[in-house]
Amino acid sequence: MALKKIFFALPVCSSRWISTSYSRSAGFQGSKANIPLEMKLRMIERKKRRVEKLSKQPLAFIPITDFFIPYSWKMDERARPKLEISEEEEDKRVLLEKEWARKTFRSRKQESWKIKLLLRHQQRALEELRQESEKLYNAALQCEDLSIPFTCRGPVQSTPLEGYLPPLGGYEHTDPLFSKDDLSLPEV
Amino acid sequence: MSLSCTWHLWEKSFRVGKCLPAISNSLRHYRNRPTHNIGRMHGLEKPKPPPVRKKEVGTWKPEEYKAVKENHLDALNFIVSGYDIVLVEQYAKFVHQLMIKFKQNILEVYALPSSNAVVKKMLGADQRLLKAMTPEIELTMYKRIIQVKDMPSQTYPILLQTLMHYIPQSITLKVDKHNEEQHLSRYQYRVELAEEKAMLQQLYDSR
């Protein structure tokens, strides 16, 4: 009776015990050694169903963080003071903008006219070719010889210097967020 | 409506002092009749496509990206990338406007997630590996994509020429066919699915 009293008076703690059944032993990885084939097949079917269920879930877009501004940039102390421009200066600037607009409009018009001319000449040449021979016309319209995939890089401000040795180094490219598995721990 | 009728209306309105009626006032509305709005042309809405079902978000449908007509190109991706976001955006806008001007079938214009390019310098002999070098500057590479379908094969070189002429500094333009890999690069990596698949593979191997 006294023992029982002590037992009930003590705070109840979970009793730890090791199970000898296959699925209850600690961790899934450690218990694959002695599983009977039937059980394995059942496990495989369950996993297949789980994989099917997960693969039916819709894909989520990776968020575009291009325009995220850090909060430290939005402090009032960082704001520039307002510039005071005289009327003359303002007039000059407005007139310059108008001249620029006129110039760009003219150049844009010329360029679009050039492209239209090119297309027109191309169309005419194709018509003439068709009159010559149908085979050649069909061959000219094929999509196979076009340069796809194509890369083009923008121009550089200055030409490369003669005899210049750039410093040794390299470029390291990181993957965008959420595109790869990030569960690996960082190197210590 | 005869001329005398219109004159009559003008006179009446002048005398009453109200505003002048429209001269072609022969359109009477008959709102209770089924022929109401019979000649209406403004304010018409285009039929909207059915909303994308949740299950089908992100699925790869190759039929959507194939050319409909003969001698026309399949869905092409014009990828504008660079580290200067202002230039990238402006050039992408230029490419888009050019496609609109030449009446191409633009499927989508979107941004890909940005990645970082770290420029590293080797300062000493013990920094031979890329990991060990000291980083000088970290630049974010921005990407914009303009997806165009059914481009005739004869206009493609002309448009390419104009794009090459106007490409700004530090920008790379890449033209590629749209495939499943590029399609899936917009979406998040599914960690759970990959783990479950790995476990399934382990089970298969241990049989």
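Thresholds applied
Residues numbered from 1 in each chain as written. Chains lettered and ligands numbered in written order. Predicted model: local features only at pLDDT ≥ 70, side-chain atom pairs only at ≥ 80, totals over all residues. Heavy atoms only, no water. Patch = residues over 30% accessible without salt bridge, like charges linked within 9 Å, V, L, I, M, F, W, Y side chains within 5 Å. Areas by Shrake-Rupley, 256 points an atom, 1.4 Å probe, with all protein chains shown as cover. Salt bridge = Lys/Arg side-chain N within 4 Å of Asp/Glu carboxyl O. Lys, Arg positive; Asp, Glu negative; His and termini not counted. Charge placed at Lys NZ, Arg CZ, Asp CG, Glu CD. Helix = DSSP H or I, 4+ residues; strand = E, 2+ residues; numbered from the N terminus. Buried < 20%, exposed > 50% of the residue type's maximum accessible area, 1.4 Å probe, protein only. Pairing = 2+ DSSP bridges. Axes fitted to C-alpha atoms, helices over the stretch in contact; angles between N-to-C directions. Contact = heavy atoms within 4.5 Å. pLDDT = per-residue confidence, 0-100. Buried area = accessible area lost by both parts, 1.4 Å probe. Parallel < 35°, antiparallel > 145°, perpendicular 65-115°, else oblique. Left-handed = near helix turned anticlockwise from the far one by under 90°. Core = buried A, V, L, I, M, F, W, Y, C linked by side-chain atoms within 4.5 Å. UniProt positions renumbered as here; feature names shortened; annotations may be inferred.

A. Region of interest: a negative patch on the surface. Residue and element names in this part refer to chain A. The grouping of Glu-87, Glu-88, Glu-90 and Asp-91 at the surface amounts to a negative patch. By the secondary structure assignment, Glu-88 is in helix α3 (residues 87-132). Residue class for Glu-88 comes out exposed when judged on its relative accessible area of 65%.

B. Broad picture of the sheet that holds strand β2 (residues 169-173) of chain A. Overall, antiparallel pairing links the six strands, which are arranged β1(A)-β6(B)-β2(B)-β4(B)-β3(B)-β2(A) in an open sheet. Two strands lie at the open edges of the sheet, namely β1 (150-153) and β2 of chain A, each paired on one side alone. Averaged over all pairs of adjacent strands, the angle between their axes in this sheet comes to 20°, without regard to strand direction. Sheet topology places strand β3 (residues 105-121) of chain B next to strand β4 (residues 134-149) of chain B; 14 bridges connect them, and they run antiparallel. Residue pairing in the sheet places B:Ala111 in a bridge with B:Arg144 of β4(B). Taken strand by strand, helix α2 (residues 85-101) of chain B contacts β2 (76-82), β3, β4 and β6 (171-177) of chain B, and its axis lies near 10° from that of β4(B). Of the strands in this sheet, β1 of chain A together with β2 and β6 of chain B touch helix α3 (residues 155-166) of chain B, which is tilted by about 20° from β1(A).

C. Molecular detail of the confidence of the model for chain A. Residues and elements named next belong to chain A. Across chain A, the average pLDDT comes to 84, with 79% of residues at or above 70. The lowest-confidence element of chain A is helix α1 (residues 2-9), averaging 45 in pLDDT; the highest-confidence one is α3, averaging 96. In the model, residues 1-13 has pLDDT below 50 throughout and makes zero contacts with residues more than four positions away in sequence or in other chains.

D. Structural view of the interface of chain B and chain A. Contacts between the two partners involve 72 residues from chain B and, on the opposite side, 63 residues from chain A. Counting the surface lost from both chain B and chain A, the interface buries some 6,200 Å², and carbon and sulfur atoms represent 65% of this. At the surface where chain B touches chain A, the tally comes to five salt bridges. Across the salt bridge formed by A:Arg50 and B:Glu196, the nearest N and O atoms sit 3.9 Å from each other.

E. Summary view of the packing of helix α2 (residues 37-56) of chain A against helix α5 (residues 191-205) of chain B. Packing of α2(A) against α5(B) leaves a shortest axis separation of 10 Å and a crossing angle of 155°. In terms of axis orientation, α2(A) runs roughly antiparallel to α5(B). Of the two possible hands of crossing, α2(A) and α5(B) adopt the one that is left-handed. Residue-level contacts link A:Met43, A:Ile44, A:Lys47, A:Lys48, A:Arg50, A:Val51, A:Leu54 and A:Ser55 of α2(A) to B:Glu192, B:Leu193, B:Glu196, B:Lys197, B:Met199, B:Leu200, B:Leu203 and B:Tyr204 of α5(B).

F. Up close: unusual backbone geometry. Residue A:Pro149 is bonded to the preceding A:Ile148 through a cis peptide linkage, with omega at 0°. Within the fold, A:Pro149 resides in the loop between α4 (134-140) and β1. The phi dihedral of A:Phe178 falls on the positive side, at around 65°, and the residue is not glycine. Note on placement: A:Phe178 falls in the segment after β2. Among the residues examined, A:Phe178 registers a relative accessible area of 41% and is labelled partly exposed. Its identity is not glycine, yet B:Tyr30 carries a phi of approximately 45°, on the positive side. Secondary-structure assignment places B:Tyr30 in the loop between α1 (3-16) and β1 (72-73).

G. Quick peek at the pairing of β4(B). Note that β2(B) and β4(B) share seven bridges and pair antiparallel. Across the sheet, B:Ser81 pairs through a bridge with B:Lys143, a residue of β4(B).

H. Just the confidence of the model for chain B, in detail. Residues and elements named next belong to chain B. Mean pLDDT over chain B stands at 87; residues scoring 70 or higher make up 87%. Mean pLDDT across the elements of chain B ranges from a minimum in α1, with 56, to a maximum in β2, with 97. For this predicted complex, the interface score ipTM comes out at 0.72, alongside a pTM of 0.75.

I. Region of the structure containing the nonpolar core. Counting residues in each nonpolar core, the largest one holds 32 residues, and the members touching the most others are B:Phe78, B:Tyr91 and B:Tyr156. Mapped onto this core, the elements with two or more residues apiece are α3 and β1 of chain A together with β2, α2, β4, α3 and β6 of chain B. Counting eight residues, the second-largest nonpolar core is a separate cluster that includes A:Ile44, A:Val51, B:Leu193 and B:Leu200.

J. Structural context of the UniProt feature "domain: Small ribosomal subunit protein uS10" (unreviewed entry) in chain B. As recorded in UniProt, the sites labelled "domain: Small ribosomal subunit protein uS10" (unreviewed entry) are residues 80-175 of chain B. Taken end to end, residues 80-175 of chain B has its terminal C-alpha atoms 9 Å apart, with 30% of it in helix and 45% in strand.

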